[in-house]
Amino acid sequence: MKLRLFAAPLTEAVAHVARALPTRPPVPVLAGILLATGPNGLHLSAFDYESCATTSAVAEIADDGSALVSGRLLGDIAKALPKNAEVDLELTDTRLLVRAGSARFELPLLPIDEYPALPATPDTVFTAHADEFADAVAQVVVAAGTDDTLPVLTGVLLTLDDDGRLTMAATDRYRFAVRETLVRPTGTVPTDDGQPATTVLVPAKWLADATKALAGDHPLHAGWSGGQFTLSVPGRHTIGTRLLAGEFPKFRALFPAPADAKMVITVPVDETIAALKRVALVIDTKRPVRLTAEDDQLSLTAGDDDSAFALDRVPCHTTGSLERKEGCDAAFKPSYLIDALQALTEPEARLYLTTPHKPALIFGHAGDSADIGYEHLLMPIRLNAATTPA
């Protein structure tokens, strides 16, 4: 293998595939990045049995070949080179030579015959605009769980309808985020036991990182089959992961109809987030912030007379009323409420309340319309019980 390319695309390519390198590789070869020449230049890939990443960089190929070298070391070297430097890669019997100007590096080779074969890339099931899809994913993953002992709750459920409506859902048991968006189905849907596999469970953290990495003003292709899920920008990057197994909670029956709400509170998103962060300073992460709507103001209080106490108010518009419990309309874990509000894309939020002890439904709101494409269900905290969500 012998080739030449610029440092900037090499650095970008290595950084892309390095996201699939394990932090603690179970075997040494999984710490490597596989380099191989191809018709379009230099191809790079990494794989840790759970996730994989591939990309390519334009290069002048003198001799074909492949090599497996330390991904961390190659990445550090590439980042240290001037971006406009020309880099020569040359494979010897035991080393990969990297030359750029007066700098010369010799990287030991990892045993390429021990490197596992990358999983096959599934056929594309739908395409979407990369930036729009990344934004939709970001709204949902805020509600995903992080407890690895409950792996089903660490995923995002994707459900594709025949009409191109993609529903994404995530939960950690105390909140539920659901986002509907339109995509372009390709008409190719894999089967599972003879049935169309239109629903898959994708690791939430991986999905957030992958869509952010592939964001841009271009099409994004998504596909799945055989337990593998892949996102790709054709001709550039591919990132894949294993699907999660297990039964995701049924959630539609949990969401109350907005028309059933006894009280609806409309607040400005940015002001409310800022006020929540201020009053939350006096309490620990498990204690609630209490919400009380009176006239045209929403009072947010935290703490009590026996410890630190905080009060702040934001303007609001309220319709209806509740039979108050513990002197407030509702109480929530402040970080959860902040997450829900930050996920909205509209300047105002509407909180639909049925009782202080039942889940609140949160929509984005602008003018006379609500963004019902994104729904956030948030469990309240019972003030007369422990400080865990009800």
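Coordinates for the structure precede this section.
The notes below deal with the structure included here.

Focus: helix α4 (residues 204-213)
- Three or more residues of α4 are buried, namely A204, W206, L207, A210 and T211. Each buried residue of α4 lies within a common arc of 155° when the element is viewed along its axis, so the set occupies one face. Of the residues in α4, the exposed ones pointing more than 90 degrees away from the buried face are K205 and K212.
- For α4, the secondary structure elements touched by its buried residues are β4 (51-57), α3 (130-141), β11 (155-160), β17 (199-203), β19 (228-233) and β20 (237-242).

Side note on the sheet that holds strand β9 (residues 103-108)
- What the five strands build is an open sheet, ordered β5-β1-β7-β8-β9; its pairing is antiparallel. Bordering the open sheet on either side are β5 (60-63) and β9, each of which pairs with just one other strand. Direction aside, the axes of adjacent strands within the sheet are offset by 20° on average.
- Strands in contact with helix α1 (residues 7-18) are β1 (2-6) and β7 (86-91); relative to β1, the strand with the most contacts, it is inclined by about 95°.

A few points about empty space enclosed by the protein
- Within this structure, the stated rule accounts for two cavities of 30 Å³ or more.
- As a volume, the largest cavity reaches approximately 40 Å³.
- Counting residues per element, the ones that place at least two in the lining of the largest cavity are β21 (263-268) and α6 (334-342).
- Counted by class, the lining of the largest cavity contains seven nonpolar, one polar and no charged residues.
- Within this model, the second largest cavity holds a volume of roughly 40 Å³.
- Every residue along the wall of the second largest cavity is listed here: K325, E326, C328, A330, A331, P356, H357, I381 and L383.
- In terms of residue class, the lining of the second largest cavity is made up of six nonpolar, one polar and two charged.

Section: the pattern of salt bridges
- Taken as a whole and judged by the stated rule, the model has 18 salt bridges.
- Between D163 and R165 there is a salt bridge whose closest N-O contact spans 3.0 Å.
- A salt bridge links D339 to R175, with the nearest nitrogen and oxygen atoms 2.8 Å apart. A residue pair is termed long-range when its members are at least 10 positions apart, and D339 in helix α6 and R175 in strand β13 (residues 175-182) qualify at 164 residues.
- What makes D339 partly exposed here is its relative accessible area of 23%.
- With a relative accessible area of 9%, R175 lands in the buried category.
- Linked by salt bridges that have partners in common, D161, D163, R165, E180, R252 and E375 make up one network.

Section: the sheet that holds strand β24 (residues 309-315)
- If you trace the four strands from one edge of the open sheet to the other, you get β24-β23-β22-β26, paired in antiparallel fashion. Each edge of the sheet is formed by a strand with only one pairing partner; in this case those strands are β24 and β26 (330-332). Neighbour to neighbour, the strand axes of the sheet diverge by 25° on average, direction disregarded.
- For strand β22 (residues 289-294) and β26, the ladder comprises three bridges, and the chain directions are antiparallel.

Some details on the packing of α1 against helix α2 (residues 71-80)
- For the pair α1 and α2, the least separation of the axes is 9 Å and the interaxial angle reads 150°. Viewed along their axes, α1 and α2 adopt a mutual orientation that is roughly antiparallel. As for the relative orientation of α1 and α2, their crossing is left-handed in sense. Note on element contacts: α2 touches α1 through G71, L74, G75, A78 and K79, opposite L10, T11 and V14.

Criteria and cut-off values
Residues numbered from 1 in each chain as written. Predicted model: local features only at pLDDT ≥ 70, side-chain atom pairs only at ≥ 80, totals over all residues. Heavy atoms only, no water. Buried < 20%, exposed > 50% of the residue type's maximum accessible area, 1.4 Å probe, protein only. Helix = DSSP H or I, 4+ residues; strand = E, 2+ residues; numbered from the N terminus. Arc of directions from axis to C-beta. Contact = heavy atoms within 4.5 Å. Pairing = 2+ DSSP bridges. Axes fitted to C-alpha atoms, helices over the stretch in contact; angles between N-to-C directions. 1 Å grid on protein atoms, 1.4 Å probe; cavity = no way out; pocket = protein on both sides within 12 Å on 5 of 7 lines; lining within 4 Å. Points joined across faces, edges and corners; volume = space filled by probe spheres on them. Nonpolar A, V, L, I, M, F, W, Y, C, P; charged D, E, K, R; others polar. Salt bridge = Lys/Arg side-chain N within 4 Å of Asp/Glu carboxyl O. Parallel < 35°, antiparallel > 145°, perpendicular 65-115°, else oblique. Left-handed = near helix turned anticlockwise from the far one by under 90°.

These values are about where atoms sit, not about what they do.
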